[in-house]
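Here's the letter readout for the chains.
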Amino acid sequence: MTSTSQRATPLPPDERRAALVASTLSLVLAEGPDVSTRQIAQAAGVAEGTIFRVFTTKDELVNAAVASAFDSSPLLDELEAVDRTAPLDVRLVAAVEILQRRTARIFRVVDAIGLKALEAGRNHQNLSEESALIRQALTDLIEPARDRLRLEPREAARRLQLLTIACTHPRLVENDPVAASEIVSMLLDGVRLRPGAPEPLP
């Protein structure tokens with residue numbers, strides 16, 4: 001159980017809400033959904049009563065914390081920040097690492113909460129809409145290399161998205177996810193050995 005001996009500096013309402021949501025999500029991932037408001041308050045460094053000035057019930061706070069794991073805004077911001085001047089493979093490795101962190105976090109939430117997590121995610125944002133936004137962000141990263149690809153950037157982005165999920169999903173990879181650099185190599189180069197290519201991995 002996380003504890004804090006000092007109370008946090010008072011925050012503006014939006015920041016206080018975000019801090020409570022973040023602390024609750026960390027606790028839920030560590031201990032499951034049955035965390036107490038006392039635990040949450042200690043983790044956030046606030047008085048227990050502060051929670052109920054922001055959220056009506058503990059369930060409302062837990063639901064908000066779970067839904068935050070599905071929020072694609074931070075991921076899209078990270079993808080937007082990838083250096084467009086870097087080589088294509090470097091750009092895509094950075095993008096895959098971002099996607100892998102989010103994929104792992106979402107499945108940790110699903111393991112901790114179960115179907116309730118998926119319901120919270122669906123309520124937060126239409127999942128097909130979210131997938132389209134992520135695909136467009138990947139397309140934007142690939143677009144500058146259009147003349148060196150046999151696929152349209154959007155189709156290359158779709159395949160990268162699918163590869164990343166398949167190679168990161170804990171149920172599929174048996175807790176041994178494929179490295180981001182290998183996922184990008186599979187997309188750009190395939191797995192067939194070619195003359196002059198490096199020795200295959202063991």
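Residues numbered from 1 in each chain as written. Predicted model: local features only at pLDDT ≥ 70, side-chain atom pairs only at ≥ 80, totals over all residues. Heavy atoms only, no water.

> I keep staring at the environment of proline 170 and nothing clicks. Help me out?
Here proline 170 shows up in helix 10 (residues 170-173). Look at proline 170 and you get partly exposed, because its relative accessible area is 21%. As for proline 170 and phenylalanine 107, which are separated by 63 residues in sequence, their C-alpha atoms are 7.5 Å apart. Residues contacting proline 170, with those up to four places away along its chain left out, are Phe107 and Asn175. (Helix = DSSP H or I, 4+ residues; strand = E, 2+ residues; numbered from the N terminus. Buried < 20%, exposed > 50% of the residue type's maximum accessible area, 1.4 Å probe, protein only. Contact = heavy atoms within 4.5 Å.)

> It is not clear to me how the packing of helix 5 (residues 73-80) against helix 6 (residues 88-113) should be interpreted in this structure. Could you clarify?
Packed helices, taken two at a time, are described by their axes: the angle between them and the distance between them. For the pair helix 5 and helix 6, interaxial distance at closest approach is 10 Å and the crossing angle is 165 degrees. As judged from the angle between their axes, helix 5 and helix 6 are roughly antiparallel. Crossing handedness for the pair helix 5 and helix 6: right-handed. Residues Leu75, Glu78 and Leu79 of helix 5 touch helix 6, and the partners they reach there are Ala95, Ile98, Leu99, Arg101 and Arg102. Partitioning the contact of helix 5 with helix 6 into residue classes produces 5 nonpolar, no polar and 3 charged. (Axes fitted to C-alpha atoms, helices over the stretch in contact; angles between N-to-C directions. Parallel < 35°, antiparallel > 145°, perpendicular 65-115°, else oblique. Left-handed = near helix turned anticlockwise from the far one by under 90°. Nonpolar A, V, L, I, M, F, W, Y, C, P; charged D, E, K, R; others polar.)

> Would you explain the pattern of salt bridges in this entry?
A side chain of one charge can pair with a side chain of the opposite charge when the charged atoms of the two come close. One pass over the structure, following the stated rule, counts 7 salt bridges. Between glutamate 78 and arginine 101 there is a salt bridge, with the nearest N and O atoms lying 3.0 Å from each other. One end of the pair, glutamate 78, is in helix 5; the other, arginine 101, is in helix 6, with 23 residues separating them in the sequence. A relative accessible area of 35% means that glutamate 78 is categorised as partly exposed. Of the charged contacts in the structure, one is a salt bridge between arginine 84 and glutamate 80, with a shortest N-O distance of 3.9 Å. Salt bridges here are not isolated pairs; linked through shared partners, they connect Glu143, Arg146 and Glu152. (Salt bridge = Lys/Arg side-chain N within 4 Å of Asp/Glu carboxyl O.)

> Would you mind showing me how to read helix 11 (residues 180-189) here?
Counting along an α-helix, one turn takes 3.6 residues, and residues three or four places apart therefore face a common direction. By the burial criterion, the buried members of helix 11 are Ala180, Ile183, Val184 and Leu187. In a view along the axis of helix 11, the buried residues occupy a sector of 95 degrees, so they form one face of it. Taken together, the buried residues of helix 11 touch helix 6 and helix 9 (153-168). Looking one or two residues past helix 11, glycine 190 carries a phi angle of roughly 75 degrees, positive in sign. (Arc of directions from axis to C-beta.)

> Is there a simple way to explain the nonpolar core in this structure?
The nonpolar side chains of a soluble globular protein tend to be buried with one another. Leu20, Ile40, Leu61 and Val109 are the most contacted members of the largest nonpolar core, which totals 24 residues. Contributions of two or more residues to this core are made by helix 1 (13-31), helix 2 (37-44), helix 4 (58-68) and helix 6. For this core, the leading source of residues is helix 1, giving 6 residues. Residues contacting leucine 61, with those up to four places away along its chain left out, are Leu20, Val21, Thr24, Ile40, Ile51 and Phe55. (Core = buried A, V, L, I, M, F, W, Y, C linked by side-chain atoms within 4.5 Å.)

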